[in-house]
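Structural description and commentary
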Amino acid sequence: MTVNLPSVSIIIVVFNQLKYTKQCIDSLYDTLQLNNNNIEIIVVDNNSTDGTGSYLQTLPKQHFKVLTNQENLGYARAANQGASIAAGQYLVFINNDIIALSGWLEEMVKVMEVQDNVGLVSSKLLYPNNTIQHAGMGMYMVNNQSLPLDYYFMFQGKPSNLPAANIMRDCLCVIGACVLTPKKIFDQVRGWDENYWVGHEDLDLCLKVRQKGYRVVYCPRSVLYHFTSVSEARHIRDHENIRYFHEKWLGKFKPDIKPSTDSLTSIIIPCFNLIKYTKLCIDSIYKYTYEPFEIILINAVSTNETESYLKQLTRQYGNVKVISGKQNLDLAAACNLGIKAASGENILIMHNDVVVTAYWLTRMLAIEKSFGIMGPVSNAAAGLQQVKDIPYIDKPGMHKFAREIGESFASKMIETNRVLDFCMLINKEVIDHIGGFDSQLGLLAFDDFCMRTRLSGYKILLRKDVFVHHFGKRHLTRAKINQTRLMEDSWESFEKKWNIPRERLLEEGYDPSYLKKFVFYCPIQ
């Protein structure tokens, strides 16, 4: 889609660092069509002493406006000065230690023009070595600190082509090194708060925009290099800025949850048709997963439509693997294929009729102690994993309910005998110790895996603050599998292996303490 640029005012605040200012402006010449007269560049000089002032006077006045202060007023006041003389429909604030890349402005404007209710857009910023400096930000609470609000950068230091960092998403806040906002919204929130010197004023602006009901969006298709914090006197008032930010915002917004790990999680999803559900599942994973992950899809003789969609995923994302089977493998055998192809430190088994919610994996991985298996709660589950009296009837209601579950049961985990395979997180160490799933046990292969996990001394945990939606048994229905007959066959094999009476309820799990002599390693076939 081609976007005809509306009028845009680009505002740059400078204080010394002439080398960076020159390369920034050169990159604007290279990436913008200034002769169209719909772009103006406003440079506010905070009393530079290194020749910056003389350089700015050489810039063509038909494209540049230059304001010169007799003292360093700090970033917020100087940026507001630039905004006060801006003629553009949109305001873009960029730091002078930026190098713009082709298409950066068009992509930001496209978000504003196409998406609904956006108040502020930010770009993907790279370090000079092409790793990620900024791909959105979040704020979280640090316990036992007098000033507990802190921020983090998503995917910082990761490769620029990391698929999870290349998805447009709403953020609580973004860095102010390159942001675009409509002038009418900037005026509505009264611009930058001039009580900040340099630092935290960008977080403040994001929260003000969100407070007015607008979205703050990270746009990964707008890419620039950022040398970060080269401004002189950058940190001289950090403590005052942080204290003021707390006085203004502590308790006024809901912080994020900080991603807990940089380790890779391999998400294994067996697929047999059900393309509508598979799409919902994959879309939710990419939207609501903030840790590094890969997706391994086991395609069991699905229709051409499903095969075409899976091929599209491999072209679209760099972290998708598709394993195609010549026959419709049972679930356990399909999962074993996924495990053999997995690269992650954690293995997650998921049905393709599951829709995940915000911070689902963040919370499941946020545990200091080692664990064996972990599962969430859901609407379609059994035993302790079952959430009854579901109030929602649509997707927004589901996500609202998931947030309420997360708040009501924050950090609550309980030890259990078993979790179901619709969403089962497994410590790779367990698989190294006990092997994979015993596919001869049919529907009870996952109960068997839970048994062997506990026999090996690992705990099975249920994360009460993680809710995912499960449509439930769609894979059995679509494949025309007789579940009753399959369960009978599974019980026969299960009883023979474990010598456990069938009147024992599955929901109760099993006490394997008397079976310690029966430790079975199951090779991954």
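To keep things clear, this report deals only with the structure shown in the data block. (Residues numbered from 1 in each chain as written. Predicted model: local features only at pLDDT ≥ 70, side-chain atom pairs only at ≥ 80, totals over all residues. Heavy atoms only, no water.)

1. Description of the environment of methionine 350
Examined against the element boundaries, methionine 350 turns out to sit in strand S16 (residues 346–350). Expressed as a C-alpha distance, the spacing of methionine 350 and cysteine 281, which sit 69 residues apart in the sequence, is 9.3 Å. The contact partners of methionine 350, leaving out residues within four places of it in the chain, are Ile267, Ile268, Ile269, Pro270, Cys281, Ile285, Val356, Trp360, Asp421, Phe422 and Cys423. (Helix = DSSP H or I, 4+ residues; strand = E, 2+ residues; numbered from the N terminus. Contact = heavy atoms within 4.5 Å.)

2. Observations concerning the pairing of strand S4 (residues 90–95)
The element S4 is largely enclosed, with a buried count of 5 among its 6 residues. When strand S1 (residues 8–14) meets S4, the two strands line up parallel, connected through 6 bridges. Of the residues in S4, the one forming a bridge with serine 9 is leucine 91. Two elements, S4 and strand S11 (residues 178–182), share 5 bridges in a ladder whose sense is antiparallel. Across the sheet, the residue bridging to isoleucine 94 is cysteine 178, located in S11. (Buried < 20%, exposed > 50% of the residue type's maximum accessible area, 1.4 Å probe, protein only. Pairing = 2+ DSSP bridges.)

3. With respect to the pairing of strand S13 (residues 265–271)
Of all the 7 residues making up S13, 7 are buried; the element is thus mostly covered by neighbouring parts of the structure. Going residue by residue along S13, you find Thr265, Ile267, Ile269 and Cys271 tucked away on one face and Ser266, Ile268 and Pro270 tucked away on the opposite face as well. In this structure, S13 lies alongside strand S14 (residues 293–300), joined through 7 bridges in parallel fashion. Residue isoleucine 267 lies in a different strand from S14, and its bridge partner there is isoleucine 295. Following the chain from S13 across helix H8 (residues 275–288) to the adjacent parallel S14, one finds a crossover that is right-handed. Where S13 and S16 come together, 4 bridges link them in parallel fashion. For serine 266, the partnering residue across the bridge sits in S16 and is isoleucine 347. (Right-handed = clockwise from strand over helix to strand, strands pointing away.)

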